[in-house]
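Next come the chains, spelled out residue by residue.
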Amino acid sequence: QVQLVESGGGLVQAGGSLRLSCAASGRRFSRYAMGWFRQAPGKEREFVAVISLNGINTEYGDSVKGRFTISRDNAKSTVALQMNNLKPEDTAVYYCASQRQNIVGISTNTGDYNYWGQGTQVTVSS
């Protein structure tokens, strides 16, 4: 019942920046914690960032702390991921996802998310 559409991926040089956006359909967007995950070729899907319902609480994967920032605009039903100082290791397909409503707090686990976007490719050249 939640449809997520991602945009903003592309090709950038190392040290550059990209801003990903995820638009959610329907009402009650503010009742979902929202997360970003990524998956590189040959690797498992990795947690990137999550933001709470009201945007007050956030958590980041160790590899992106200090470089990525997650934000949300509940009035527009969107969540964004600002990616700065990009590295070749950041190359992956990035997915936005909504956390299950019965989960207490914010989660870093893929199993705690039930709706996913189609993914957007981010490629960082060296």
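Above this text you will find the structure in question.
Residues numbered from 1 in each chain as written. Predicted model: local features only at pLDDT ≥ 70, side-chain atom pairs only at ≥ 80, totals over all residues. Heavy atoms only, no water.

J.: Explain the pattern of salt bridges here, please?
T.: Two side chains bearing opposite charge may form a pair once their charged atoms approach each other closely. Inspection of every chain in the model, using the stated rule, returns five salt bridges. Notably, a salt bridge pairs E46 with K43, separated by 3.6 Å at the nearest N-O pair. Of the charged contacts, one joins R67 and D90 as a salt bridge, the two residues approaching to 2.7 Å between their closest N and O atoms. Of this pair, R67 sits in the loop between β6 (58-60) and β7 (68-73) while D90 is found in the loop between β8 (78-83) and β9 (92-99), placing the two residues 23 residues apart along the sequence. By relative accessible area, R67 is classed as buried at 11%. Judged by its relative accessible area of 1%, D90 falls in the buried class. What emerges from the salt-bridge pattern is a single network uniting R38, K43, E46, R67 and D90. (Salt bridge = Lys/Arg side-chain N within 4 Å of Asp/Glu carboxyl O. Helix = DSSP H or I, 4+ residues; strand = E, 2+ residues; numbered from the N terminus. Buried < 20%, exposed > 50% of the residue type's maximum accessible area, 1.4 Å probe, protein only.)

J.: When you look at the state of the cysteines in this model, what are you seeing that I'm missing?
T.: By definition, a disulfide links two cysteine residues through a covalent bond between their sulfur atoms. Enumeration according to the criterion identifies one disulfide in this entry. Covalently, C22 is tied to C96 through a disulfide, its sulfur atoms 2.0 Å apart. Of note, the bridge from C22 to C96 carries an S-S torsion of about 50° and is right-handed in sense. In this pair, C22 is assigned in strand β3 (residues 18-24) and C96 in strand β9, connecting sequence segments 74 residues apart. In this pair, the class of C22 matches that of C96, namely buried. (Disulfide = S-S within 2.5 Å.)

J.: Where do I start with the pairing of strand β11 (residues 120-125) in this structure?
T.: Walk down a regular strand and you will see the side chains alternate between the two sheet faces. The side-chain alternation of β11 yields one buried face, formed by T120, V122 and V124, and one unburied face, formed by Q121, T123 and S125. Of the strand pairs in this sheet, strand β2 (residues 10-13) and β11 are connected by four bridges, and their pairing is parallel. Counterpart to L11 in the pairing with β11 is T123. The pairing of β9 with β11 spans three bridges and is antiparallel. Counted as the bridge partner of V93 is Q121 from β11. (Pairing = 2+ DSSP bridges.)

Note that all results are geometric; they support no functional claim without further evidence.
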